[in-house]
Amino acid sequence: RALRKFGKLIQIAFGEAGADVLSKDNTISTDGITTSTFVAGRKMQAIFGFAIVNNFNACTECLQEDTMLFVNTIADIVHRACHDNQGAPNKNIGDSFLLVWRLDDDADISKPVGDIADDAVKSFIRASMEVQASEVLRKMTESPKIQEAIPGYRVSLGFGLHVGWGIEGAIGSMLKIDASYLSPNVNLAARLESGTHQFKVDILLSDRVFGMLSPDVQALHRKIDCVTMKGSQLPVTIYTYDVPYFGATTLDELYAYEDPDMDFWDNFPPRTSSTFRRRHAEGVRLYLEGNWSEGRKLLEMCVQENGDGPSKVLLDVMGARKFIAPDGWKGWRELTSK
């Protein structure tokens, strides 16, 4: 029983990756169990997701000792949403969380692999909605100090998803180790997470993850740009899902909207209409093809309808060149910030 408890504590402390690494990369001696960091890692495939707490630094300055309650309440929501949807929480990094959906080593990531990609997106939608509806978080952020620093602040998260290979292993020294993943694909997921601030969206996913979604779920997403990012050698087409806002003030109230006879996607469809998404898709198509004068008209209509962040970004890009595509335009641009 003691060994089972110890094993459970290891899994909680290091996550699924840590439990796997520690089961393989350790030796038993008279001094006990020693984990070596001087061993090769293991190459694997996974969908990598990052979640970040927006305005985290300002919140910690105001909350002080209550910061731990604040961040752990968010972590509980994010981790449970991930765990319930085939994923595994891996690392907590202050204001952000790394989450992993492991794939078979020989999985073909150019097409859907079961419903794991659908579930990865689903977990982020669920976490976003639950953070908005959390009564505990709302009471904490209604603090006069936070409202004075960030008027009208409600907790929100940004999410990035990418898929590819990663190296799984123990990182650190004999004084401190973390069991995690390293690769350009992990870094790209983090950069997509950071990009949510620029596009004013909740979720950004790469074209690789989009290609793994089921056709019905793909139809609910929006293509918003094609960019190169630091660490990506090729242009990446990026997509978003418009997370619905219900104005729920408790989790019970949020899930009162759920019809048990309907699936998740029917219960929590994008907050934008299909008409809006078609108009936006046509505007983005014209932008990518270099017809900026016509694309401008449709994207301006999107901004007028709901202040759409992705449309504003493209209008700013085109406006900087007087809505004339540069010579040799190839349908992608460098993302000027993370």
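Residues numbered from 1 in each chain as written. Predicted model: local features only at pLDDT ≥ 70, side-chain atom pairs only at ≥ 80, totals over all residues. Heavy atoms only, no water.

Quick look at the side chain of Ser206 now. With respect to the helices and strands, the residue Ser206 is situated in strand β8 (residues 203-206). Ser206 gets classed as buried once you look at its relative accessible area, which sits at 0%. The residues contacting Ser206, other than those within four sequence positions of it, are Leu161, His162, Val163, Leu192, Val236, Thr237 and Tyr239. (Helix = DSSP H or I, 4+ residues; strand = E, 2+ residues; numbered from the N terminus. Buried < 20%, exposed > 50% of the residue type's maximum accessible area, 1.4 Å probe, protein only. Contact = heavy atoms within 4.5 Å.)

Now for the packing of aromatic side chains. Under the definition given, this model contains 13 aromatic pairs. Between Phe264 and Trp265, the ring centres sit 5.2 Å apart and the planes meet at 85°, which makes this aromatic pair edge-to-face. Every member of this aromatic cluster is reached through a ring pair, and the members are Tyr241, Phe246, Tyr255, Tyr257, Phe264, Trp265 and Phe268. For Lys43, the ring lying beneath its charged end belongs to Trp165, and the centroid distance is 5.0 Å. Over the face of the ring belonging to Phe323 we find Arg296, whose NZ or CZ atom lies 3.9 Å from the ring centre. (Phe/Tyr/Trp six-rings, centres within 6.5 Å; stacked < 30°, edge-to-face > 60°. Lys NZ or Arg CZ within 6 Å of the ring centre and 35° of its normal.)

On to the pattern of salt bridges. Following the criterion strictly, the structure yields 18 salt bridges and no others. Between Asp308 and Arg222 there is a salt bridge whose closest N-O contact spans 2.8 Å. Of the two residues, Asp308 sits in the loop between α13 (292-306) and α14 (309-319) while Arg222 sits in strand β9 (residues 222-228), which places them 86 residues apart along the sequence. In this structure, Asp308 and Arg222 share a single accessibility class: buried. Across the pair Arg285 and Glu282 runs a salt bridge whose closest N-O atoms are separated by 2.4 Å. You can see Arg285 and its partner Glu282 sitting in helix α12 (residues 274-289), three residues apart, about one turn around the helix. Look at Arg285 and you get partly exposed, because its relative accessible area is 35%. In the salt-bridge network here, residues are joined through shared partners; they are Arg42, Arg102, Asp105 and Glu168. (Salt bridge = Lys/Arg side-chain N within 4 Å of Asp/Glu carboxyl O.)

For the rest of this paragraph, the subject is the pairing of strand β3 (residues 42-53). Among the 12 residues of β3, 10 are classified as buried, and the element is accordingly described as predominantly covered. Relative to strand β6 (residues 157-173), β3 is paired through 12 bridges, and the arrangement is antiparallel. Bridging from a neighbouring strand, Ile52 pairs with Gly158 of β6. Two strands pair when backbone bridges link them, and β3 and strand β5 (residues 96-103) are joined in this way by eight bridges, in the antiparallel orientation. When the sheet's bridge partners are listed, Ala46 is paired in β5 with Arg102. (Pairing = 2+ DSSP bridges.)

Residues three or four positions apart in an α-helix share a direction because the helix packs 3.6 residues into each turn. Looking only at helix α2 (residues 56-63), the buried set comprises Phe56, Cys59, Thr60, Cys62 and Leu63. Projection of α2 onto a plane perpendicular to its axis shows the buried side chains occupying an angular sector of 165°, all on one side. Projecting away from the buried face of α2 at angles above 90 degrees are the exposed residues Asn57 and Glu61. Trailing α2 by a residue or two, Gln64 shows a phi angle of about 55°, which is positive. (Arc of directions from axis to C-beta.)

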